[in-house]
Amino acid sequence: MNNKVMNDKKVLVIPCSGIGKPIGTVSRETAYKIVENLRKEKCQTICLALLTSGDKETIDKVKKNYCITIDGCAKHCAKKNVEACNKTPDKSYMILKFAAANPDKKPEGIIDIGNGGRKLVNTIASQIAKDIDKLTKNKVEVSVNERK
Ligand code: SF4
């Protein structure tokens, strides 16, 4: 008996809202870069506010798919909201850590993160793209027994 089925799970890339901080803008722009450019076919994003407000359709989507959270700072707003749905993110990132490790790639402003900020976005997005490839590596076939 063939117990293999298609794994059609997407990767949800979920940035914090980050309004008011350049690192928050970096968080959102990193998510856009991945979802609209680097890994368009494998990813989606969601509105974090829908999770916060308990929207059932959004919570269901989070539970059924892989999740990668991107937070600006150690408050971890995106990660905490995913965890509040009883889901542990498959990967979670914090922009401040990347910024500390890449002092030459400093975001400038909230609206325009400047060249330094864009370089930081590219660095983080490339790292996350690799994780997405790992998560979706066994996309074609997964054992029925492994499905959640
Ligand atoms: S994680 Fe930090 S930057 Fe992002 S929304 Fe929360 S407080 Fe703002």
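Coordinates for the structure precede this section.
Just so you know, these numbers come straight off a predicted model, no measurement behind them.

## As for the overall build of the chain
Across its full length, the chain holds six helices and six strands. In the chain, the order of α-helices and β-strands from amino to carboxyl end is β-β-α-β-α-α-β-α-β-α-α-β. Buried residues in the chain amount to 36% of all 148 residues. Expressed as a percentage of contacts within the chain between residues at least 6 apart in sequence, the contacts between residues at least 24 apart total 64%.

## Regarding unusual backbone geometry
The phi torsion at His 76 lies on the positive side, around 50 degrees, for a residue other than glycine. Classification of His 76 as partly exposed rests on a count of 17 C-beta atoms within 10 Å. With a phi close to 65 degrees, Asn 86 is a non-glycine residue in the positive phi region. Here Asn 86 shows up in the loop between α4 (77–83) and β5 (91–94). Given 9 C-beta atoms within 10 Å, Asn 86 falls into the exposed group.

## So, the packing of helix α1 (residues 22–38) against helix α6 (residues 114–135)
One way to put it is that α1 packs onto α6 with a least axis distance of 9 Å and a crossing angle of 50 degrees. Put simply, α1 runs oblique to α6. Where α1 crosses over α6, the handedness of that crossing is right-handed. Note on element contacts: α6 touches α1 through Gly 117, Leu 120, Val 121, Ile 124, Ala 125, Ile 128 and Ala 129, opposite Pro 22, Val 26, Glu 29, Thr 30, Lys 33, Ile 34 and Leu 38.

## Overview of α6
The terminal C-alpha atoms of α6, which comprises 22 residues, lie 31 Å apart, in line with the 32 Å expected from a rise of 1.5 Å per residue. Every buried residue of α6 is accounted for by Gly 117, Leu 120, Val 121, Ile 124, Ala 125, Ile 128 and Ile 132. In an axial view of α6, the angular spread of the buried residues amounts to 130 degrees, which keeps them on one side of the axis. In α6, the exposed positions angled more than 90 degrees off the buried face are occupied by Asn 115, Lys 130 and Lys 134. Looking at the buried residues of α6, the elements they touch are β2 (11–15), α1, β3 (43–44), β4 (66–71), β5 and α5 (95–101).

Here is what the cut-offs are and how they apply
Residues numbered from 1 in each chain as written. Predicted model: local features only at pLDDT ≥ 70, side-chain atom pairs only at ≥ 80, totals over all residues. Helix = DSSP H or I, 4+ residues; strand = E, 2+ residues; numbered from the N terminus. Buried ≥ 20, exposed ≤ 12 C-beta atoms within 10 Å, placed from the backbone. Contact = placed C-beta atoms within 7 Å. Axes fitted to C-alpha atoms, helices over the stretch in contact; angles between N-to-C directions. Parallel < 35°, antiparallel > 145°, perpendicular 65-115°, else oblique. Left-handed = near helix turned anticlockwise from the far one by under 90°. Expected span 1.5 Å × (residues − 1). Arc of directions from axis to C-beta.

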